[in-house]
Structure formats: C-alpha cells, structure tokens
Amino acid sequence: MPLLTIENLPGAVLEVPAGATLLTALHGEGFDWMHTCGGRGRCTSCRVQVRAGGACLGPPTAAEERYRAAGRLAFDERLACQARLPAGNVRGRVPVATQLPHQRYDG
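Residues numbered from 1 in each chain as written. Predicted model: local features only at pLDDT ≥ 70, side-chain atom pairs only at ≥ 80, totals over all residues. Heavy atoms only, no water.

Participant: I'd like a description of helix 2 (residues 62-69), backed by residues and values.
Facilitator: Working note: α-helix, 3.6 residues per turn, so residues spaced by three or four point in the same direction. Among the residues of helix 2, those classed as buried are A63, E64, Y67 and R68. The buried residues of helix 2 occupy one face: seen down the axis, they fall within an arc of 135 degrees. Looking at helix 2, the residues exposed on the side facing more than 90 degrees away from the buried face are A62, R66 and A69. Along its buried surface, helix 2 packs onto strand 4 (77-79). Looking one or two places after helix 2, you find G71, whose phi comes out positive at around 80 degrees. (Buried < 20%, exposed > 50% of the residue type's maximum accessible area, 1.4 Å probe, protein only. Helix = DSSP H or I, 4+ residues; strand = E, 2+ residues; numbered from the N terminus. Arc of directions from axis to C-beta. Contact = heavy atoms within 4.5 Å.)

In structure tokens form, the structure reads like this:
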C-alpha cells in the first residue's frame, strides 16, 4: 500500500488506502489537519508541501490548477483534500501558514 510521510508531524507515517485522498487518510489515522472548506477544494488551507515522490500522486485537479494559476498554491504544494496516491511513497510537510495552533510540529 502507498505510504505518506509528513516530516514535521510526529508519527505521521501512514498507509493511504486505494482511492483515498491524503486528507481522508490523515483523518482516518487520527491526525488533525486544517481543512477550512470541509475538504471540497474550495480553499487552500489543507495544502501539503511535497518534498519527495510528487510524481506518485495523481494529476492535479481543476481546483488545484485554478489555485496554482492564481498564485495561491506553490508548484511544490498539493491540496490534501484533492491529491490521491495510487502507488508509491510521498514525503511532505505541513506549511507554517496552515499549521494548527494546538498541534505539535517538528521543525
């Protein structure tokens, strides 16, 4: 099963079920992850900075392309509510701008 590792979120090494978004996988394992619009691709609060394995993710969705074109989503970022990991392993980070105040982050 594909693996998602979030470098700065302690203990966040998890298997991503087939067809699941990164956000669904994170929530399924009990990790709190910001998602202001409820995971519908209508904001950028759930973004993840992809550090390795980005080619393993499915193609960017229309929502991600719109935010990228508007300058609200960096080239190395994906929306956790939209990105799916069909195969392989991805390593990422929670950007400082979207870190939750009650959550502990490393680095």
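Participant: Provide a residue-level description of the side chain of N8, including the pertinent values.
Facilitator: Topologically, N8 is positioned in the loop between strand 1 (3-6) and strand 2 (13-15). At 2.9 Å, the side chain of N8 forms a polar contact with the backbone nitrogen of V94. Once residues lying within four places of it in the same chain are set aside, the contact partners of N8 are R93, V94, Q99, R104, Y105, D106 and G107. (Polar contact = N/O pair within 3.5 Å; in protein donor to acceptor, adjacent residues only side chain to side chain.)

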